[in-house]
Every structure is written in structure tokens, then in C-alpha cells.
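Overview (structure and organization)
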Amino acid sequence: MDQALIRQYKLISSIQSQISKSSTLEEALHGAMRLIREATNVESIVIWCVDQSDETLLRPLFWLADRDISAQVCEVGQGVVGKVYEQQQAARYLDYSGEFAASHPLAESDSLGFDVRSMVVVPFSSIRSDLGCIQFIGQSDSALFSEDDADTFEIAVTLASLSIDQNQEIAAQEWKPGKKLLSLQGITREFQNGDTITHVLNGVNLDVYEGEFLALLGESGCGKTTLLNIVGGLDTATSGKVFFGEQDLTGASRRKLTAYRRENLGFVFQAYNLMPNLTALQNVQLIAELVDDPMDPEEALAMVGLSERLHNYPSQLSGGQQQRVSIARALVKRPRLILADEPTAALDYATSIEVLQVFERVIANGTTLVMVTHNEEIARMADRIVRLRVGKTYEVTINRHRAQAADLVW
């Protein structure tokens, strides 16, 4: 039997197994797409779903790619993706070059900023309705898709479609991006030690939107904390651009970065970093004095449930209480963005849930939160989950089934 056919059969078998053990449609789709990417070397995969409140639009649900497309939309009937959804027929652009490319211009939602050399778009649906399309773009080694690749894509999507029963929904909580708060474009970070250069970030593209909870996940050493430090103005990128609103922070002076941190950001770290000789209230007051329009320090401590502990010193507080003081210290500045780096890593389960419930209240008040965590369970609370791998954005998921802190178990 042809080796390519054997590989296809093995992949399809793996996809069937993944789908059979998945409890939701989204889990089935995510698992199947990861398997396809690993087996076929496809560069980017995007799952588009029809907007539940405006059926003339398709929005990205999940994608494997090195850039952020959360704000992209595709109009039904427009571009390759829109037409495939409307007509419910797959489209194959196996060699998108030369005269063919010139006579078939791509819509913005089709190219997504990528150099499209090869593309396959496949519709998927449930028994009750057409749900969207899955878009496969290029191969990471610059090779073109083959007919066998395209067959594999179509079979995989068909299998995913067959896994949907009448009780499964593609979306529970609709999330649409607010105003763009932060934009990272092509961020790299290198560290040099003698003749050795370590590449920690390798071209990160990511946007953060007002009012969202974004979770950054990835294995140790993938660049999560380095990226957070660049966002927080604690470190600078080797190359790339950083924008906070309309403010260009690329190459900003130390003085400008200090003003940026003071006026816009709150920080919560794994280490509480409290002043041991100051009470909880005094620790928060110390930060309040640095900004023009702070929250009342007692109000900030009340928000984190420490009204009865105002005059306790850190040594008189539990680890969870100390972390809540550090959150109050971040909140007192009325920050537009809170950056949290593994804020529950040093805490036990019960205390972690208490701290996460505080973050829930913070987000409900409209503050934007970016949290680095290694805990997949905590990431279930986020609006979006961004996974990094070898210093690049590897996968972004819009979480339409956000969990409450009280529902988390690990």
C-alpha cells in the first residue's frame, strides 16, 4: 500500500479516536486540528463559526497560527471562506501562484496577513445547521498541499461534523473583541552570554482588548514571563513594535516606560513583594501616593475581602491574604491593565480559588487582565487562551464556555 495512504489512514484513525473521547464539539475540533497540524506540517488552521447574533458574519473560534486574528470577521458570500460557507462546498487552492493568484485575489479574511502559497477551505455542519468553515493555509516548509493533503482535510472535517449531535452547541457565551488596548507586532527577544545568543521570543504577534481576561500558557522556557515583562515595560524587545492604545512604546526611554507603568498598569507576581514593616493598609497607601487619582486604599482592600485585616502586617497574614493585598495594591492605581505572573503558584488549592474569585470581581468591573499560568484549569476562566511554543504564538482559542473560579478542580 502507498505510504502516503497509510499515513492518511493512521491520521484518520487518530482523529476518530480523538473525536470519540471528546465531550464537546469544540474539544473534538481542537483535538482533530492539532493532530492534522502535527501530521501534515500545515502552517495555519482557522476554524470559522457563524456569528450567533449576526448570521451574515463568520468569526474565528480557534486557530493554530503565529499571529492573533481575534478581531477578524468574514462576510458570508464574500471571499473564499464566505463562499464556501454559503455554498457548503470545499475549495482547493493547491498552488496559489502566478496567473491563478492574479485572477483570484484573496479577501483580507482569506489571507489573514499570511503569504498564502496553498489553501484548502472545508465547510462543517451539524444535523440542524451549517456551523462554519475550517481553513488550512500553507505548509511550514514552504511546500504546497497535495491532493492527498486536501483529501485528508476534507475527511477530517467530515468526521468532526459527524461527531456533532443535536444537543451540542458551538457557542455558549459569545465573546467579541472590545477596543484594542495593546498590540504586539513581531516581538523578538534575544539574550547574549558571551558568544552564545539565546532566542527567547521569535516574532510574537498579539493584541489585547479592553475588558478581557487573556491567559498565556506554555511550557517552561517558552517566553511567557519575558513577554509579560515586555508588555509591562520591565524589559524591552530586541525587535518588533509595542503599542498601548495610540502610544508607541517601541524604543521608549526609561522615563517614558516608568510613566507608562505608573499610569496604566498593575502588577501581581508569584512573590507578594510586600513591605514587611508596613501594614496591609500602609502597603496599599504607599502605591496610592504614586498616582494622581487613586482608589481609596481601604476600598481597594475591601474589594479583595480584607476589611478586617487593614492593620495586620504581612507576617500576620496567610499566603492567600498576602496575595490579596498585592492585588489591592495593583487595583488602587485604577489600572487599565493588570499583569499577573503565576499569581497562585505558591498557594494551595483552596487559597488559589479565593484569589481567583478576587480576579473574577476585578474583571467584572471592566479591568483587563493578562495572566501567565501553567495551570490549564485556571485558563478555563479566560476569554482567550494563548499558547506559546518556542517563543512564538502557537495557538489561540476563544473560550466560549468560560468557567467560574468555584468550578475549577485540580
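The following paragraphs examine the structure supplied in this document. (Residues numbered from 1 in each chain as written. Predicted model: local features only at pLDDT ≥ 70, side-chain atom pairs only at ≥ 80, totals over all residues. Heavy atoms only, no water.)

Moving on: the overall build of the chain. Helix and strand counts for the chain stand at 13 helices and 16 strands. In terms of overall size, the chain behaves like a compact globule, its C-alpha atoms giving a radius of gyration of 23 Å where 410 residues would be expected to give roughly 22 Å. If one aligns the C-alpha atoms of the chain with their principal axes, the spans along those axes are about 75 × 50 × 40 Å. Contacts in the chain between residues far apart in sequence, at least 24 positions, make up 68% of those at least 6 positions apart. Summed over all atoms, the accessible surface of the chain reaches about 18300 Å², with 45% contributed by carbon and sulfur. (Helix = DSSP H or I, 4+ residues; strand = E, 2+ residues; numbered from the N terminus. Rg over C-alpha atoms; globule rule 2.2 N^0.38 Å. Contact = heavy atoms within 4.5 Å. Areas by Shrake-Rupley, 256 points an atom, 1.4 Å probe, with all protein chains shown as cover.)

Below, the discussion takes up the side chain of E395. Along the chain, the position of E395 falls in strand β16 (residues 392–398). Judged by its relative accessible area of 1%, E395 falls in the buried class. A distance of 2.6 Å separates polar atoms of two side chains, one belonging to E395 and the other to R34. Not counting residues up to four positions away in its chain, the partners in contact with E395 are R34, F62, W63, L64, A65, I385, V386 and R387. (Buried < 20%, exposed > 50% of the residue type's maximum accessible area, 1.4 Å probe, protein only. Polar contact = N/O pair within 3.5 Å; in protein donor to acceptor, adjacent residues only side chain to side chain.)

Once that is clear, we can look at the sheet that holds strand β11 (residues 247–248). Reading across from one edge, β8-β7-β10-β11 is the order of the 4 strands in this open sheet, with antiparallel pairing throughout. The open sheet has two free edges, formed respectively by β8 (196–209) and β11, since each of these has just one partner strand. Where strand β10 (residues 239–244) and β11 come together, 2 bridges link them in antiparallel fashion. Its bridge partner lying in β11, F244 is registered against Q247. (Pairing = 2+ DSSP bridges.)

When two helices pack together, their arrangement is given by the angle between their axes and by how far apart the axes lie. Taken N-terminus to C-terminus, the directions of helix α11 (residues 319–331) and helix α12 (residues 349–364) make an angle of 15 degrees; their axes are 9 Å apart at the nearest point. Put simply, α11 runs roughly parallel to α12. Crossing handedness for the pair α11 and α12: right-handed. Two secondary-structure elements touch here, α11 through G320, Q323, R324, I327 and L331 and α12 through T351, E354, V355, V358, F359 and V362. Taken together, the residues that form the contact of α11 with α12 break down as 6 nonpolar, 3 polar and 2 charged. (Axes fitted to C-alpha atoms, helices over the stretch in contact; angles between N-to-C directions. Parallel < 35°, antiparallel > 145°, perpendicular 65-115°, else oblique. Left-handed = near helix turned anticlockwise from the far one by under 90°. Nonpolar A, V, L, I, M, F, W, Y, C, P; charged D, E, K, R; others polar.)

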